[in-house]
Amino acid sequence: MTSPTDLAAVLDRAAAGGRITPEEALDVYRSAPLHALGAAADAVRRRRFAGTEHIATYIIERNINYTNVCVTACKFCAFYAAPKDTAKGWSRGLDDILRRCAETVELGGTQIMFQGGHHPDYGVEYYEEHFAAIKREFPQLVIHSLGASEIDHMARVSGVSAEEAIRRIHAAGLDSFAGAGAELLPERPRKAIAPLKESGERWLEIMETAHRLGVESTTTMLMGTGETNAERIEHLRMIRDVQDRTGGFRAFIPYTYQPENNHLKGQTQATLFEYLRMIAIARLFLDNVAHIQGSWLTTGKEVGQLSLHYGADDLGSVMLEENVVSSAGAKHRSNRMELIHLIRAAGRVPAQRATTYEHLVVHDDPANDPVDDHVVSHLSSTAIEGGTAHPELKLLDAR
Ligand code: SF4
């Protein structure tokens, strides 16, 4: 293990913009004092965003969960229904999906996250039809959806290559990949929690293909299912290596495993300090990824605020609908006004952003803050008791 003096030297080098090795990253992730780690990460963030370093962003979006039917049965997942479980399984029709898009536009949302199970019948044609219909009706919505796992699955269902699947759904309307399904990329922890998913190498190979075809993405990490610190850093190394070749990852988004209603039964979980350390080490180690997103959804609002001082430049979204992590116990809620307040109380100027991170509205004067309290996270989540009861949603639904 590196001595305290050496840890300080590594942090100083990283803070000054130098690249650190995976071994150094593991040492500082494990052993550097929390505040020193956060201070180094914040220095990197401030330099990367010089001129706009006083700003932290958020987006208004909607997760549209089109089906929970899934053949992959990940052990951490509380959302899916096996195909034979017809009592639990559901799929939304295209009309229902378009109504949800209409509500998103109505509430000022700019992005759709199409997210669902690996349905045994849904091949490339299903996504082509749905993305084309969304773009036809709502060209102003950005479709930032799916990830390499869905590509791998739909390509197999349709009997085509992953490259052809990407080309076709991109042509139909997909703008960028959300990068879900990364989970843990190293082989041991991935097999332990998602034995039927494609390998981490395959996941990255598909994302690399997408980047080569001009389809950018974000990327994620699921923390707290029993992986080691070394495996967390290896996950980051695998991403950094691809990013050196493609530059196609816009952001890195770690989030924490939620313990309810799934096979892992919450036997292991990441602590909030581990989460903050991950935000910081990601900012230091992923020197080639622009944006690091703090998550208030799985860690809570206060930790989300803290993440802005540990290297994060973005606080995620007002998520108008979410059913996946909510099913596993994530019960945090927020609304646009509160998110703006949280960012401001953390000492930053809030800004609503686009999918590509341009600032759409900078809230630099509290007197001009939006006052619409209908822009609420989980407004219509089916995973949360009472989640469909918002009167405004019913009005919209009735159209
Ligand atoms: S995480 Fe996704 S792929 Fe895995 S079981 Fe859940 S819905 Fe299926």
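Bear in mind that the values here come from a model prediction, so they are computed numbers and not experimental data. (Residues numbered from 1 in each chain as written. Predicted model: local features only at pLDDT ≥ 70, side-chain atom pairs only at ≥ 80, totals over all residues. Heavy atoms only, no water.)

*Asks:* Quick question: what am I supposed to make of the packing of aromatic side chains here?
*Replies:* Aromatic ring pairs: the centre-centre distance and the angle between the two ring planes describe each pair. In total, this model carries nine aromatic pairs according to the counting rule given. Their ring planes at 15 degrees and their centres at 4.4 Å tell us that tyrosine 66 and phenylalanine 114 sit as a pair that is stacked. In this pair, tyrosine 66 sits in the loop between strand E1 (55-64) and helix H4 (94-106) while phenylalanine 114 sits in strand E2 (residues 111-114), placing the two residues 48 residues apart along the sequence. When the ring of tyrosine 126 is compared with that of tyrosine 127, the centres are 5.1 Å apart and the planes differ by 80 degrees; the resulting orientation is edge-to-face. One aromatic cluster in this structure is built from Tyr66, Phe114, Tyr122, Tyr126, Tyr127 and Phe131. Taking the ring centre of tyrosine 80 as reference, the NZ or CZ of lysine 88 above it sits at 5.9 Å. Over the ring of tryptophan 90 we find arginine 92; its NZ or CZ atom is 4.5 Å from the centre of that ring. (Phe/Tyr/Trp six-rings, centres within 6.5 Å; stacked < 30°, edge-to-face > 60°. Helix = DSSP H or I, 4+ residues; strand = E, 2+ residues; numbered from the N terminus. Lys NZ or Arg CZ within 6 Å of the ring centre and 35° of its normal.)

*Asks:* Can you walk me through the nonpolar core in this structure?
*Replies:* Taken as a class, soluble globular proteins show a tendency for nonpolar side chains to be buried jointly. Core analysis: the largest hydrophobic core is formed by 106 residues, its most contacted members being Tyr127, Ile169, Phe177, Phe252 and Ile281. Here this core takes nine residues from helix H11 (residues 272-285), the largest share from any one element. (Core = buried A, V, L, I, M, F, W, Y, C linked by side-chain atoms within 4.5 Å. Buried < 20%, exposed > 50% of the residue type's maximum accessible area, 1.4 Å probe, protein only.)

*Asks:* What should I look at first to understand the UniProt feature "binding site: [4Fe-4S] cluster" (unreviewed entry) in the protein in this one?
*Replies:* The positions that UniProt labels "binding site: [4Fe-4S] cluster" (unreviewed entry) are, in the present scheme, Cys70, Cys74 and Cys77. Within the fold, cysteine 74 resides in the loop between E1 and H4. Classification of cysteine 74 by relative accessible area gives buried; the value is 7%. Apart from the residues within four sequence positions on either side, cysteine 74 is in contact with Tyr80, Ile193, Ala194 and Lys197. Examined against the element boundaries, cysteine 77 turns out to sit in the loop between E1 and H4. (UniProt positions renumbered as here; feature names shortened; annotations may be inferred. Contact = heavy atoms within 4.5 Å.)

*Asks:* Which parts of the structure should I look at to understand the side chain of arginine 240?
*Replies:* The residue arginine 240 is located in helix H10 (residues 229-246) in this model. When neighbours within four sequence positions are excluded, arginine 240 is seen to be in contact with Arg19, Ile20, Thr21, Pro22, Phe285, Leu286, Asp287 and Asn288.

*Asks:* What is the right way to read empty space enclosed by the protein from this model?
*Replies:* A water-sized probe, rolled over the atoms, reveals where empty space remains. Scanning the entire structure with this criterion turns up two cavities of 30 Å³ or more. Its volume calculated, the second largest cavity comes out at about 30 Å³. Taken together, Met113, Phe114, Gln115, Ser145, Leu146, Glu150, Ala178 and Ala180 form the lining of the second largest cavity. Considered class by class, the residues forming the lining of the second largest cavity number five nonpolar, two polar and one charged. (1 Å grid on protein atoms, 1.4 Å probe; cavity = no way out; pocket = protein on both sides within 12 Å on 5 of 7 lines; lining within 4 Å. Points joined across faces, edges and corners; volume = space filled by probe spheres on them. Nonpolar A, V, L, I, M, F, W, Y, C, P; charged D, E, K, R; others polar.)

*Asks:* Help me understand the pairing of strand E5 (residues 217-223), please; the structure alone is not making it clear to me.
*Replies:* Two faces, one strand: in a regular strand the side chains alternate between the faces of the sheet. By the criterion of burial, E5 is predominantly enclosed, with seven of the seven residues buried. Neither face of E5 is exposed, since Ser217, Thr219, Met221 and Met223 on one face and Thr218, Thr220 and Leu222 on the opposite face are all buried. As paired elements, E5 and strand E6 (residues 249-256) share six bridges and run parallel to each other. Paired with serine 217 across the two strands is phenylalanine 249, which belongs to E6. Assessed by its sense of winding, the connection that carries the chain from E5 through H10 to E6 is right-handed. (Pairing = 2+ DSSP bridges. Right-handed = clockwise from strand over helix to strand, strands pointing away.)

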